[in-house]
Amino acid sequence: MKTLNRPIRSILALFLVVLFLLPMAPMAEAVSAAEITVVLDGTPVEFDVQPQLVSGRVLVPVRFIAEELGAEVDWDASTRTVTIEANDDVIILTIGSSDFTINGETQQMDVAPRLSGGRTLVPVRFIAEALDKCVDWLHPIRTVAINTADERRALPLYDMTFPLTVDGIRVHEFVLEDGTLTTWNDMPVPAPMEGIISLPNFPTPRPLVVLLHGVTRIESIHDPVYAGFDYLVQQLAREGYVAVSINVNVEYTLDYGESIWGGWGYDLFNQHLERLKAANAGEDMGYGIDLTNTIDFGQIHLIGHSRGGELADIIYRRDRIEGISRISSIIRIAPTVLRYDWEDPEFDPPLGVGPHPSIPVGIILPEFDGDVRELEGQSVFDDVLASGESDSILSLVFLRGANHNFFNRFMERDEGTSQVNRLTRAEQEQFMMYYAASFLALVSGSRAPWGAFAASYAQPQTMFGFHVIASTYIPAPQAVIAVPSAATAAAVTTSGGASAGFHMQIPNEDGHFNHPGVSSDKPLALYDLQWSRNGGAATFPLLDGNFSNHHALSLYIAVDSSNDQNPEGQDQAITVILRDTAGESRSITIPRGTAALTWNPGELEQNEWSDYPHWVGHMPLGELRIPLALFGGMDLRNIAELTISFDQTNTGAVMLSGIYLT
């Protein structure tokens, strides 16, 4: 008989006794374990048949996990046996039997393989450790972490994907009888009830998506700016939504006075909903298409571009003031942001509404925005991250190469601020279709969180094939473990030519770093980390050393392109090291190409209103998210140190706004 090699002997010894890292279940029968995550080298594994708990063991489909780990698997239906070949060893398992053979020698396991959903399920540790992998059970977050045996591991780079639907749809442009708005002096204002609507080919009522356009040059309030979203309306209908893009020109015009805090837009929205509800009940409202029993008004989603992004926020807030909760989510594209002056209640919302929506929100920021130049939407994310005041997901995507206008076909001019690596109109439309479809699939519950939307994943290098910097606020459990201040920066321990300073970004004052969305009343505190040679390091004091209740470690970081320590056009790379109180450590290499550490194009420019040159171009802080499953093999309950090692490049400079646990 062949002598078993070390990995196989090790797994058999562990497997045939107690798999001590996995929780014991009180019953022998399988129970659902859909909430259990299996993470392979930092990336969650998606199974077509969910893992199961059987007598305290996590069972997974053998073919998928084995082939993913490099083993060969064969199934013999006549004998109901599975043959696994790995490391020159042959393992034969039989469905329903606790006996198995390895290289011809019969052994026994305490949990027999089983069939479920046409798949053979086996204990995950049995396969993984047989292939010389480290296996950890992270009990608080119910995650099986499978990693290479090395103490140094690499953050995975990947493209977040989503399959768009191509089913047929019905599209129609409608012009209904005008509504009427009123002003403070009771002057009647015409409310054009116009738009485009697209219906999916579904037999049951579907969620409603309402699109709100922004401001552009028009000759009449009837100009069809709303039709510029025809591509998105049609795609959303293919995905199973009733999508409507409505005319909101009157909200932005001054021909009849001024709309106060989105009042006209809110009234327009309500009048459209009233007519859609009547048509849904079977009345002929003039849409030119039968809407009977097509809309589920229990799910209403808003998508707004530019001022329309601000209007979507206002609609949600006005609803809350009225005690209404009917908006399920919002996507804001290159949005303006409503600034509150609580000293003037006539022009601002009442107190008590809250600064941020407590529903899922997605924000898209174009890199070269010639209209909303300061990318105000960034401030919304920064406020939520700092305050933790939202109890829903907030997704922020900085889209490389995009400009303000190309999201709406009616807006013909390219309002970009640069010609570097520009996206075409067709490319921006394609990204928007992918993002809206994936975000709505997430918030409607038709797709489990993944990629940028899930804490168990690293942030993607690209989304749908497009270069982005993605950041995601995911509510509880969340913890802050390092925040920059003059005192905490002084407490950072540095070595090997590295330095850690404190920088406060204030608009129009000294300092070249240019994170978007920063205002004079809300300056941005930053760790300024620099290194002059390979091998330097910075170790941070931690506010909380218990990482075990969380899924990921998140550093909000950006390359400071204005600093000469960063070679022109070069992305950065670092290593993040955790060390527990017992001295065990794990090192995660963050390679070049990681989205948050990409070079930010721009140039220094002197202007007449400042004494200092400023960086023209944005340096957005992005989320560098490291799944804690990558740190398997150490005590995440007792972390003593977090170190950033600058061992990947010779020189560099990055800004860091904080370190969080998600």
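Below or above, wherever it landed, is the structure these notes cover. None of the values given here were measured: they were computed from a predicted structure.

1. Description of empty space enclosed by the protein
With the rule as written, the count across this model stands at 4 cavities of 30 Å³ or more. In this structure, the largest cavity encloses a volume near 80 Å³. For the largest cavity, the lining is made up of 14 residues, of which Q459, T594, A595, A596 and E623 are closest to its centre. For the lining of the largest cavity, the element with the highest residue contribution is strand β39 (residues 622-627), accounting for 3 residues. Across the lining of the largest cavity, the residue classes tally to 9 nonpolar, 3 polar and 2 charged. Quantified by volume, the second largest cavity comes out at close to 70 Å³.

2. Points about unusual backbone geometry
Its identity as a non-glycine residue notwithstanding, R142 has a phi of 50°, on the positive side. Position of R142 relative to the elements: it lies in the loop between β13 (134-138) and β14 (143-147). Judged by relative accessible area, which is 22%, R142 ranks as partly exposed. The phi dihedral of S306 is positive, around 60°, even though this residue is not glycine. Within the fold, S306 resides in the loop between β23 (295-305) and α7 (307-321).

3. A closer look at the packing of aromatic side chains
Overall, the coordinates contain 16 aromatic pairs when judged by the stated rule. Seen from their ring centres, F439 and F453 are 6.1 Å apart, and the 75° between their planes marks the pair as edge-to-face. Residue F439 is located in helix α9 (residues 425-444), and its partner F453 is located in the loop between α9 and β27 (462-463); the two are separated by 14 residues in the primary sequence. The pair formed by F439 and F453 is uniform in burial state, with each residue classed as buried.

4. Re helix α8 (residues 377-387)
Those residues of α8 that fall on the buried side of the exposure criterion are G377, Q378, S379, V380, F381, V384 and L385. Those residues of α8 that are buried are in contact with β24 (327-333), β25 (361-368), β26 (394-403), β28 (466-473), β34 (552-559) and β41 (652-661). Trailing α8 by a residue or two, G388 shows a phi angle of about 65°, which is positive.

5. Points about the packing of helix α4 (residues 230-238) against α9
Running from N to C, α4 and α9 point in directions that differ by 35°, and their axes come no closer than 10 Å. Note that α4 runs across α9; the crossing there is right-handed. Contacts between α4 and α9 involve Y231, L232, Q235 and L236 on the former and, on the latter, E429, M432, M433, A436, A437 and L440. Of the residues that constitute the contact of α4 with α9, the class distribution is 8 nonpolar, 1 polar and 1 charged.

6. A closer look at the environment of S438
Mapped onto the secondary structure, S438 falls in helix α9. Along the sequence, S438 and F453 sit 15 residues apart, while their C-alpha atoms lie 9.6 Å from each other. Among the polar contacts listed, one links the side chain of S438 to the backbone oxygen of Y435, at a separation of 2.9 Å.

7. Quick word on helix α6 (residues 263-280)
Taking 1.5 Å per residue, 18 residues should reach 26 Å; α6 reaches 26 Å between its end C-alpha atoms and fits that length. Of all 18 residues in α6, 15 are buried; the element is thus mostly enclosed. G282 sits one or two positions beyond α6 and adopts a positive phi of about 110°.

8. Some points on the sheet that holds strand β22 (residues 242-246)
A sheet is described by the order of its strands in space; here 11 strands give the open sequence β16-β27-β28-β26-β25-β24-β23-β21-β22-β20-β17, paired in mixed fashion. Edge positions in the open sheet fall to β16 (159-160) and β17 (169-175), since each of these has one partner strand only. Where α7 meets the sheet, it contacts β21 (206-212), β23 and β24, and its direction lies at approximately 155° from that of β24. The strands that α9 touches are β21, β23, β24, β25, β26, β27 and β28; relative to β24, the one it contacts most, it runs at about 160°.

9. Description of a nonpolar patch on the surface
A grouping of V480, V483 and L543 is seen on the molecular surface, where their side chains present a nonpolar patch of about 240 Å² in accessible area. Positionally, V480 belongs in strand β29 (residues 479-482). Note on V480: relative accessible area 35%, which makes it partly exposed.

10. Regarding the pattern of salt bridges
Across all of its chains, the model carries 14 salt bridges by this definition. R317 is the partner of D313 in a salt bridge, and the nearest nitrogen-oxygen pair spans 2.6 Å. Remark: R317 and D313 occur in helix α7; sequence separation between them is 4 residues, near one turn of the helix. Judged by relative accessible area, D313 falls into the buried class, the value being 3%. Exposure remark for R317: the relative accessible area of 5% places this residue in the buried category. Here the salt bridges do not stand alone but share partners, grouping D230, R409 and E429 into one network.

What counts and how
Throughout, a residue's number is its position along its own chain's written sequence, starting from 1. Under the rules for a predicted model, residues below a pLDDT of 70 receive no local features and side-chain atom pairs below 80 are neither given nor counted, while totals for whole chains, interfaces and linings still include all residues. Hydrogens and waters are ignored; side-chain quantities use all the structure's heavy atoms. A 1.4 Å probe that fits into a set of points on a 1 Å grid over the protein atoms alone but cannot get out defines a cavity; an open set with protein on both sides within 12 Å along at least five of seven lines defines a pocket, and lining residues are those with an atom within 4 Å of a point. Grid points are joined across faces, edges and corners, and a volume is the space filled by probe spheres set on the points. Numbering of helices and strands runs from the N terminus, with a helix taken as a DSSP run of H or I at least four residues long and a strand as a DSSP run of E at least two residues long. In the scheme used here, Gly and all other residues not listed as nonpolar or charged are polar, with Ala, Val, Leu, Ile, Met, Phe, Trp, Tyr, Cys and Pro taken as nonpolar and Asp, Glu, Lys and Arg as charged. Working definition: with a 1.4 Å probe on protein chains only, accessible area under 20% of the residue-type maximum means buried, over 50% means exposed, and in between means partly exposed. In this analysis, rings of Phe, Tyr and Trp, with Trp reduced to its six-membered ring, are considered paired at centre separations within 6.5 Å, and the interplanar angle assigns stacked below 30 degrees, edge-to-face beyond 60, and tilted for intermediate values. Throughout, a contact is declared for two residues whenever any of their heavy atoms are within 4.5 Å. To define axes, lines are fitted to C-alpha atoms, for helices over the stretch in contact only, and angles between the resulting N-to-C directions are given on a 0 to 180 degree scale. Helix crossings fall into two classes, left-handed where the near helix is turned counterclockwise from the far one by less than a right angle and right-handed where it is turned clockwise. Polar contacts, as used here, are pairs of N or O atoms within 3.5 Å; protein pairs need one atom able to donate a hydrogen and one able to accept it. Residues neighboring in sequence count only if both atoms are side-chain atoms. The length a helix should cover is 1.5 Å for every residue beyond the first. Whether two strands pair depends on DSSP finding at least two bridges between them. Excluding any residue in a salt bridge, patches collect residues exceeding 30% relative accessible area, merging like charges within 9 Å and nonpolar Val, Leu, Ile, Met, Phe, Trp and Tyr side chains within 5 Å. To be clear on the numbers: accessible area is Shrake-Rupley with a 1.4 Å probe, and residue cover counts the displayed protein chains and nothing else. Any Lys or Arg side-chain nitrogen found within 4 Å of a carboxyl oxygen on Asp or Glu counts as a salt bridge.

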